[in-house]
Amino acid sequence: MDKARSLLSVLVYPIQLLVSLPVELTEELFDTAISYSQLKEENVNLRRKQLFFSIKLLKYEALEYENIRLRALLENSFKLGEQVLVAELLSVNLVPYEHLVVVNKGSRFGVGVKQPVLDANGVVGQVIRSLPLSSEVMLITDPSHAIPVQVNRNGLRTIAIGSGQLDRLKLPFLPNNADILPGDLLVTSGLGGTFPQGYPVAVVGGFSVQPNKPFADIYAIPQAKLDQSRELLIVWSDSTPVPLIFPEEIPEDVNASE
Amino acid sequence: MLANKKQKLHGYIVTLIFAMVLKIMPLPDYLSRLNPDWVLLTLIYWNMAIPERIGVFNAWLVGLIIDVLTGRLLGQQALIYSLISFTCLKLHKRLRQYSLLQQSLFIFLSLLFSQIMIFWIESINSITQFTLIFWMPVLIGALFWSFIYMTLRFIRILGQIR
């Protein structure tokens, strides 16, 4: 059955491309018709951002090695770097009552089912079907999607469930006295194995205690720009246990980088 | 002769592809919830107009393509389309005699049947909660029928699709 679907999907791919063509063309037009001063301004902004991020990254590199060293001391496995693939969104609307999007990278690029998809701001969703030329991604806001998260401030773990609205996630499993505040950042907890740990998912938006119910009514606002980003990152993360790094191997590694 | 025949064949394939484009067109959320099933409407028209060309098997094939296009269970839309196509083929002589208003009523019932089947199948395999707006495309499709009928009739006469 999957083979039949892959075959047919190659046939219908041109239709999907055709549908998303107008949107792409208008975007292309806006890109081409941008004024010189605007371009210059954007360039300055980007350069500033780049500087800012590279300085931040410098610090992170040191921290990462420190983390690896500490984990080695604890005889714990460390996370390998994740591999990413940039995929572009096709502007098609599959069904109105589900949050599915189509991206233009499929199993020909090695994209597989259950792979997490991110954008520059946070987690977008996961691949639910990979076809030869394209793949279907379920957004985290789909009513049948759930993502294991933890509060970045204190490590409180819970599950965020899609609400069917693009700007809202539900956190239905937290008790009334949970230590969670509006503005708390929720990051992926890495439980469940689908999403790698530590990527931002949402910010807690509102908290209302219902005295007559065991669980509080909490909602969160997704960090990723689900309805705006056109470039998405498909991530390969190693969820299989990584071989242990022994303490004697570490110093060489660190020296090599310095 | 052969080229002519081929051209005639292209006529309704193009309209079906155009209907598919309309079906998956990106729209604002509230509009996409109202977007009727253009493919089914087009299919019903061709079933009525040229039943010896477009039959249940063609409807089934179109349904399969729609299943893949919209990422549904493979065969779901194919089943719905072939059932509706079968009724249309059975009734096509009578349907042609009806006024547009009466036809719209038939379209309304067909679309309602299709939506009920979708509702049934989707309720089994997903936890999506359907609100009343889920049924709106049925009404809108029926309202759009005269427009679709006129357009496709114009195309049929222009392209001499028989």
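Residues numbered from 1 in each chain as written. Chains lettered and ligands numbered in written order. Predicted model: local features only at pLDDT ≥ 70, side-chain atom pairs only at ≥ 80, totals over all residues. Heavy atoms only, no water.

S.K.: Can you walk me through the overall build of chain B in this structure?
M.R.: Counting its regular elements, chain B contains 7 helices and 0 strands. Along chain B, helices (α) and strands (β) appear in the sequence α-α-α-α-α-α-α when read from the amino end. Relative to a compact globule of 162 residues, whose C-alpha radius of gyration would be 15 Å, chain B shows 16 Å and is just as compact. Dimensions of chain B along its principal axes, counting C-alpha atoms only, are 55 × 30 × 30 Å. Residue pairs in contact within chain B that sit at least 24 positions apart in sequence constitute 69% of those at least 6 positions apart. Carbon and sulfur atoms form 71% of the exposed surface of chain B, whose accessible area is close to 8600 Å². When the 14 basic and 5 acidic side-chain charges of chain B are each reduced to a single mean position, those positions are 17 Å apart. (Helix = DSSP H or I, 4+ residues; strand = E, 2+ residues; numbered from the N terminus. Rg over C-alpha atoms; globule rule 2.2 N^0.38 Å. Contact = heavy atoms within 4.5 Å. Areas by Shrake-Rupley, 256 points an atom, 1.4 Å probe, with all protein chains shown as cover. Lys, Arg positive; Asp, Glu negative; His and termini not counted. Charge placed at Lys NZ, Arg CZ, Asp CG, Glu CD.)

S.K.: Just to check I follow, could you spell out the side chain of B:Ser104 for this structure?
M.R.: For B:Ser104, the position within the fold is in helix 6 (residues 100-125). Other than its neighbours up to four places away in sequence, B:Ser104 contacts B:Ala142 and B:Trp145.

S.K.: Mind showing me how you'd approach the interface of chain B and chain A here?
M.R.: Size of an interface, as often reported, equals the accessible area lost when the parts are brought together. Every contact between the two is made by 28 residues of chain B and, on the other side, 25 residues of chain A. Here chain B and chain A share an interface that buries about 2200 Å² over both sides, 67% of which is from carbon and sulfur atoms. Of all residues in chain B, the largest losses of buried area upon contact with chain A belong to B:Ile24, B:Val68 and B:Leu74, amounting jointly to 25% of the total for that side. Where chain B packs against chain A, one counts 1 salt bridge. With its nearest N and O atoms 2.9 Å apart, the salt bridge here joins A:Glu98 to B:Arg72. Run the count over chain B and chain A and you get 6 residue pairs in polar contact (both at pLDDT 80 or more). When contributions to the side of chain B that touches chain A are tallied by element, the ones reaching two or more residues are helix 1 (2-23), helix 2 (29-32), helix 4 (56-70) and helix 6 of chain B. A total of 6 residues in the side of chain B that touches chain A trace back to one element, the largest contributor, which is helix 4 of chain B. Partitioning the side of chain B that touches chain A into residue classes produces 17 nonpolar, 5 polar and 6 charged. (Buried area = accessible area lost by both parts, 1.4 Å probe. Salt bridge = Lys/Arg side-chain N within 4 Å of Asp/Glu carboxyl O. Polar contact = N/O pair within 3.5 Å; in protein donor to acceptor, adjacent residues only side chain to side chain. Nonpolar A, V, L, I, M, F, W, Y, C, P; charged D, E, K, R; others polar.)

S.K.: Is there a simple way to explain the packing of aromatic side chains in this structure?
M.R.: Aromatic ring pairs are described here by two measures, namely the spacing of the ring centres and the angle between the planes. Following the criterion strictly, the structure yields 12 aromatic pairs over all chains and no others. Consider the rings of B:Tyr12 and B:Trp46, whose centres lie 5.9 Å apart with planes at 50 degrees: the pair is tilted. Of this pair, B:Tyr12 sits in helix 1 while B:Trp46 sits in helix 3 (residues 38-49), placing them 34 residues apart in sequence. By relative accessible area, B:Trp46 is classed as buried at 0%. Measuring from ring centre to ring centre gives 6.0 Å for B:Phe144 and B:Phe147, while their planes differ by 70 degrees; the resulting arrangement is edge-to-face. With B:Phe144 and B:Phe147 both in helix 7 (residues 136-159) and 3 residues apart, the pair spans about one turn of that helix. Residue classification places B:Phe144 among the partly exposed residues on the basis of a relative accessible area of 33%. Members of the aromatic cluster, connected to one another through ring pairs, are B:Tyr12, B:Tyr45, B:Trp46, B:Trp145 and B:Tyr149. Taking the ring centre of A:Tyr219 as reference, the NZ or CZ of A:Arg168 above it sits at 3.7 Å. (Phe/Tyr/Trp six-rings, centres within 6.5 Å; stacked < 30°, edge-to-face > 60°. Buried < 20%, exposed > 50% of the residue type's maximum accessible area, 1.4 Å probe, protein only. Lys NZ or Arg CZ within 6 Å of the ring centre and 35° of its normal.)

S.K.: I would appreciate a short explanation of empty space enclosed by the protein in the present structure.
M.R.: In this approach, a probe sized like a water molecule rolls over the atoms, and the result shows the empty space that is left. All names here are of chain A. Summed over all chains, the structure comprises 1 cavity of 30 Å³ or more. Estimated volume of the largest cavity: approximately 40 Å³. Around the largest cavity, the lining residues are Leu 89, Val 101, Val 124, Leu 139, Lys 225, Leu 226, Ser 229 and Leu 232. When grouped by side-chain class, the residues that make up the lining of the largest cavity number 6 nonpolar, 1 polar and 1 charged. (1 Å grid on protein atoms, 1.4 Å probe; cavity = no way out; pocket = protein on both sides within 12 Å on 5 of 7 lines; lining within 4 Å. Points joined across faces, edges and corners; volume = space filled by probe spheres on them.)

S.K.: So what exactly am I meant to see when it comes to the sheet that holds strand 7 (residues 157-162) of chain A here?
M.R.: Backbone hydrogen bonds are what pair the strands of a sheet, in a parallel or an antiparallel way. Residues and elements named next belong to chain A. With respect to topology, 6 strands assemble into a closed barrel ordered 6-7-8-11-10-9, the strand pairing being antiparallel. The sheet shows a mean angle of 40 degrees between the axes of neighbouring strands, taken without regard to direction. Here strand 7 pairs with strand 8 (residues 169-171) via 2 bridges, running antiparallel. Residue pairing for strand 8: Gly 162 is matched across the bridge by Leu 169. (Pairing = 2+ DSSP bridges. Axes fitted to C-alpha atoms, helices over the stretch in contact; angles between N-to-C directions.)

S.K.: What should I look at first to understand a nonpolar patch on the surface in this one?
M.R.: Together, A:Leu18, A:Leu21, A:Leu25, B:Ile13 and B:Ile17 make up a nonpolar patch on the protein surface, roughly 410 Å² of accessible area in all. If you tally residues by element for the nonpolar patch, the top one is helix 1 (residues 2-32) of chain A, at 3 residues. Secondary-structure assignment places B:Ile13 in helix 1. (Patch = residues over 30% accessible without salt bridge, like charges linked within 9 Å, V, L, I, M, F, W, Y side chains within 5 Å.)

S.K.: Can you help me understand a negative patch on the surface in this one?
M.R.: Residue and element names in this part refer to chain A. Where like charges cluster on the molecular surface, the negative patch consists of Glu 28, Asp 31, Glu 41 and Glu 42. Going through the elements one at a time, helix 1 and helix 2 (36-73) are the ones with two or more residues in the negative patch. By secondary structure assignment, the location of Asp 31 is in helix 1.

S.K.: Help me out: how do you make sense of the packing of helix 1 of chain A against helix 4 of chain B in this one?
M.R.: A pair of packed helices is captured by two measures, namely the crossing angle of their axes and the spacing between those axes. Between helix 1 of chain A and helix 4 of chain B, the shortest axis-to-axis distance is 9 Å and the interhelical angle comes to 75 degrees. Between helix 1 of chain A and helix 4 of chain B, the angle is such that the two are roughly perpendicular. In contact with A:Arg5, A:Leu8, A:Ser9, A:Val12, A:Ile15 and A:Gln16 of helix 1 of chain A, helix 4 of chain B contributes B:Leu64, B:Ile65, B:Asp67, B:Val68 and B:Leu69. Of the residues belonging to the contact of helix 1 of chain A with helix 4 of chain B, the class tally is 7 nonpolar, 2 polar and 2 charged. (Parallel < 35°, antiparallel > 145°, perpendicular 65-115°, else oblique.)

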